[in-house]
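# Understanding the architecture of this molecule
Read off the chains here:
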Amino acid sequence: MKFFKYLDEHIEEILLIIFLIGMSIIIGVQVFMRYVMKSSLSWSEEVARYMFIWMVYIGISYGIKTGKHVKIDAAVNLFPKKIRKYVLFLSDIMFLVFAGIIIKYSYQVAMLIFKLGQTSPGTGILMGYVYLAVPIGFILVSIRLIQKMVLKARDMNLRRGV
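Residues numbered from 1 in each chain as written. Predicted model: local features only at pLDDT ≥ 70, side-chain atom pairs only at ≥ 80, totals over all residues. Heavy atoms only, no water.

### Some details on a nonpolar patch on the surface
A grouping of Ile-27, Val-31, Phe-32, Tyr-35, Val-36 and Met-37 is seen on the molecular surface, where their side chains present a nonpolar patch of about 600 Å² in accessible area. In this structure, Met-37 sits in the loop between helix H1 (2–35) and helix H2 (44–66). On the basis of relative accessible area, Met-37 is assigned to the partly exposed category, the value being 48%. (Patch = residues over 30% accessible without salt bridge, like charges linked within 9 Å, V, L, I, M, F, W, Y side chains within 5 Å. Areas by Shrake-Rupley, 256 points an atom, 1.4 Å probe, with all protein chains shown as cover. Salt bridge = Lys/Arg side-chain N within 4 Å of Asp/Glu carboxyl O. Helix = DSSP H or I, 4+ residues; strand = E, 2+ residues; numbered from the N terminus. Buried < 20%, exposed > 50% of the residue type's maximum accessible area, 1.4 Å probe, protein only.)

### What about H1?
Taking 1.5 Å per residue as the helical rise, H1 with its 34 residues ought to reach 50 Å, and the 47 Å between its terminal C-alpha atoms agrees with that figure. Most pronounced at His-10, the bend in H1 amounts to some 65°. Turning to H1, its buried residues are Glu-12, Leu-16, Phe-19, Gly-22, Met-23, Ile-26 and Gln-30. (Expected span 1.5 Å × (residues − 1). Bend = angle between axes of the 7 residues up to and from the residue.)

### A few points about the packing of aromatic side chains
For the structure on display, the rule yields 6 aromatic pairs. Ring geometry for Phe-3 against Phe-4: centres 5.5 Å apart, planes inclined by 70°, an arrangement best described as edge-to-face. Summarising the aromatic geometry, the rings of Phe-98 and Phe-138 are spaced 6.1 Å apart at their centres and angled 75° between planes, so their arrangement reads as edge-to-face. Taken as a pair, Phe-98 in helix H4 (residues 81–116) and Phe-138 in helix H6 (residues 133–160) lie far apart in primary sequence, 40 residues in all. (Phe/Tyr/Trp six-rings, centres within 6.5 Å; stacked < 30°, edge-to-face > 60°.)

### Regarding the environment of Glu-9
With respect to the helices, strands and loops of the structure, Glu-9 is situated in helix H1. Spatially, the C-alpha atom of Glu-9 lies 9.0 Å from that of Lys-65, the residues being 56 residues apart in sequence.

### What about the environment of Ile-60?
Mapping Ile-60 onto the fold places it in helix H2. Judged by its relative accessible area of 27%, Ile-60 falls in the partly exposed class. Sequence separation between Ile-60 and Leu-140 is 80 residues, and the spatial gap between their C-alpha atoms is 8.7 Å. Here Ile-60 is in contact with Phe-138 and Val-141, once residues within four sequence places are set aside. (Contact = heavy atoms within 4.5 Å.)

Structure follows, in structure tokens:
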């Protein structure tokens, strides 16, 4: 159970660190090869780009988990203080519905890309793996949103004395 608790608390950070280190090493090696060895690697920019794509979608989940994602406070502040928490809860529900739609259609696109067998020109890897960043990222987003909503609901019930 400790492992799963640790994974729940740190999965985004672990993945983001792995991808960032990998990108940095690959780009560093590419710079060395190009300017020192006068020969470039054909695959390095492509792999770094794919790592960046994965980082973006995992980063969305990390932003939700830490509460650092972009939101429009001005719109929420238009509502009376008593109902702001309900407005924020409603926005989480709307975001969860949006995430569900993204998961469904991006998964279908990724599976189609796998079925077609499209590969990247520099590395030859199946492009479906790159496209899977979207549904996997939004699955993580959905998990974090649900966790956040459960905590908010508990907090609202505790404050009401339920």
